[in-house]
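These are the residues of each chain, in order.
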Amino acid sequence: MKRIAPIDIIGGLVVIGILAAIPAVTGSNYLTGVLTVCVVYGIWAASWDFMSGLTGRENFGHSLFIGAGAYTAGFLSSLWAANPWYSLPLGVAVAVAFAVLVGFPTLRLRGPYFALAMLSTSAILQRLCLIFWEYTGGEEGIYGLDPLMKSPLHYYWFALGILVVTVIVLTLLAQSHWGLLLRAIRGDEATCQAAGINVTFYKIVSLMISAGFAGLGGALYAHYQLQVSPPLFSVVVSITVIIMVYVGGIGSIYGAAVAAILLTLLTEMLRGFGEYRLWIYTLTLMLILFFLPNGLIAPLWRRMTERLR
């Protein structure tokens with residue numbers, strides 16, 4: 001396993017400390033809410049980056065796992081009146097089950113077909129939510145979810161803790177022998193198969209891990225919003241997460257999480273620009289992706305710490 005440099009640990013602790021202190025110092029419930037959404041997007045981005053960033057098999061249907069976790073929380077809390085805390089492990093389990101059902105046949109496909117298959121599956125689930133509106137609430141979704149915590153600040157700290165655990169676990173996996181195999185699959189899948197490596201097994205298990213954390217983030221988001229709706233399955237959610245990963249630095253895990261937080265904050269900061277908000281946001285992303293094809297966050301951090309390692 002690759003050893004994590006002390007400077008990386010120190011930098012991570014500083015970022016975590018700042019994120020934890022900002023809402024407590026400002027006392028703003030609005031800022032606390034925005035940061036909660038930022039943290040959830042960080043979980044989604046890190047989870048996507050683990051499987052797709054390391055293996056190179058782009059998943060255009062990551063919202064499938066996000067929506068699965070969220071709707072699991074919705075059904076348990078609103079329709080079945082179960083303890084809301086049960087939705088976190090069950091959201092993970094349902095998302096992992098979807099990963100097995102969809103990933104087992106699709107990860108054997110070559111070229112862009114895996115991405116298209118995942119995209120189609122998430123679109124089908126979104127449509128099914130509308131067809132079976134008696135159970136899913138249709139376009140309005142499921143309302144009346146029970147909150148996990150009454151205090152917005154405490155909930156934010158809890159979600160931040162989940163993000164930290166997510167990044168640590170996925171980073172350790174990415175830097176272990178497992179992550180080395182995933183990168184080898186990305187480099188030359190045929191050679192890995194010729195060497196006797198069960199490529200399909202590693203890709204499916206990696207997709208299960210990615211789906212599990214995405215489902216956990218979906219359940220957290222549902223209990224923060226206190227409702228779930230079909231747009232959680234939309235391609236917009238998946239593309240947004242993918243953009244965040246590319247801005248953070250694909251395959252870095254921590255870069256994806258930090259980029260998700262910064263880009264979500266940017267969308268809120270641009271609200272004052274009205275109809276020009278989308279233009280400015282899109283132009284910013286285009287400039288970053290065009291001039292920094294390897295990403296912004298992770299490469300920048302590596303350059304800053306090269307002399308200190």
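In what follows, the structure referred to is the one given above.
In this report, we go over the structure that sits alongside the text.

## Digging into helix H4 (residues 87-106)
Right, on to step 1. Helix length check: H4, at 20 residues, gives a terminal C-alpha distance of 27 Å against a target of 28 Å (1.5 Å per residue), a fit within 8%.
Right, on to step 2. Where H4 is buried, its residues contact helix H3 (63-79), helix H5 (113-131), helix H7 (152-174) and helix H10 (199-225).

## Re unusual backbone geometry
Right, on to step 1. For Ala81, which is not a glycine, the phi torsion comes out positive at approximately 55°.
Right, on to step 2. Within the secondary structure, Ala81 is located in the loop between H3 and H4.
Right, on to step 3. Not every positive phi belongs to a glycine, and Leu226 is a case in point at roughly 65°.
Right, on to step 4. Relative to the helices and strands, Leu226 resides in the loop between H10 and strand S2 (227-228).
Right, on to step 5. Residue class for Leu226 comes out partly exposed when judged on its relative accessible area of 33%.

## Comments concerning the layout of surface pockets
Right, on to step 1. Approximately 1300 Å³ is the volume attributed to the largest pocket.
Right, on to step 2. As for the largest pocket, its lining consists of 42 residues, of which Asp8, Gly12, Val167, Tyr254 and Trp301 are closest to the centre.
Right, on to step 3. Counting residues per element, the ones that place at least two in the lining of the largest pocket are helix H1 (6-26), H7, helix H8 (177-187), helix H12 (254-269) and helix H14 (297-305).
Right, on to step 4. Along the lines of polarity and charge, the residues of the lining of the largest pocket split into 27 nonpolar, 9 polar and 6 charged.
Right, on to step 5. The computed volume of the second largest pocket comes to approximately 430 Å³.
Right, on to step 6. Around the second largest pocket sit 15 residues that line it, and Tyr41, Thr240, Thr267, Arg277 and Tyr281 are the ones nearest its centre.
Right, on to step 7. When contributions to the lining of the second largest pocket are tallied by element, the ones reaching two or more residues are helix H2 (29-55), helix H11 (235-248), H12 and helix H13 (277-291).
Right, on to step 8. The leading source of residues in the lining of the second largest pocket is H11, at 5 residues.
Right, on to step 9. In terms of residue class, the lining of the second largest pocket is made up of 9 nonpolar, 3 polar and 3 charged.

## Examining the packing of aromatic side chains
Right, on to step 1. Within this structure, the stated rule accounts for 13 aromatic pairs.
Right, on to step 2. Look at Tyr71 and Phe233: their rings are 5.5 Å apart centre to centre, the planes differ by 20°, and that puts the pair in the stacked class. Of the two residues, Tyr71 sits in helix H3 while Phe233 sits in the loop between S2 and H11, which places them 162 residues apart along the sequence.
Right, on to step 3. Take Phe233: its relative accessible area is 3%, and that puts it in the buried class.
Right, on to step 4. Put simply, the rings of Tyr71, Phe75, Trp80 and Phe233 touch in pairs and so form one group of aromatic residues.

## Notes on the environment of Tyr221
Right, on to step 1. Within the secondary structure layout, Tyr221 lies in helix H10.
Right, on to step 2. Classification of Tyr221 by relative accessible area gives buried; the value is 17%.
Right, on to step 3. The spacing of Tyr221 and Leu296 is 75 residues in sequence and 26 Å in space, taken between C-alpha atoms.

## Some points on the nonpolar core
Right, on to step 1. Counting 82 residues, the largest nonpolar core has Trp44, Phe65 and Leu163 as the members making the most contacts within it.
Right, on to step 2. The leading source of residues in this core is H2, at 15 residues.
Right, on to step 3. When near neighbours in sequence (up to four residues on either side) are disregarded, Phe65 contacts Asn59, Ala95, Phe98, Ala99, Met118, Leu207, Ala211, Ala214 and Gly215.

Definitions and cut-offs
Residues numbered from 1 in each chain as written. Predicted model: local features only at pLDDT ≥ 70, side-chain atom pairs only at ≥ 80, totals over all residues. Heavy atoms only, no water. Helix = DSSP H or I, 4+ residues; strand = E, 2+ residues; numbered from the N terminus. Expected span 1.5 Å × (residues − 1). Contact = heavy atoms within 4.5 Å. Buried < 20%, exposed > 50% of the residue type's maximum accessible area, 1.4 Å probe, protein only. 1 Å grid on protein atoms, 1.4 Å probe; cavity = no way out; pocket = protein on both sides within 12 Å on 5 of 7 lines; lining within 4 Å. Points joined across faces, edges and corners; volume = space filled by probe spheres on them. Nonpolar A, V, L, I, M, F, W, Y, C, P; charged D, E, K, R; others polar. Phe/Tyr/Trp six-rings, centres within 6.5 Å; stacked < 30°, edge-to-face > 60°. Core = buried A, V, L, I, M, F, W, Y, C linked by side-chain atoms within 4.5 Å.

None of the figures reported here should be taken as evidence of function without further support.
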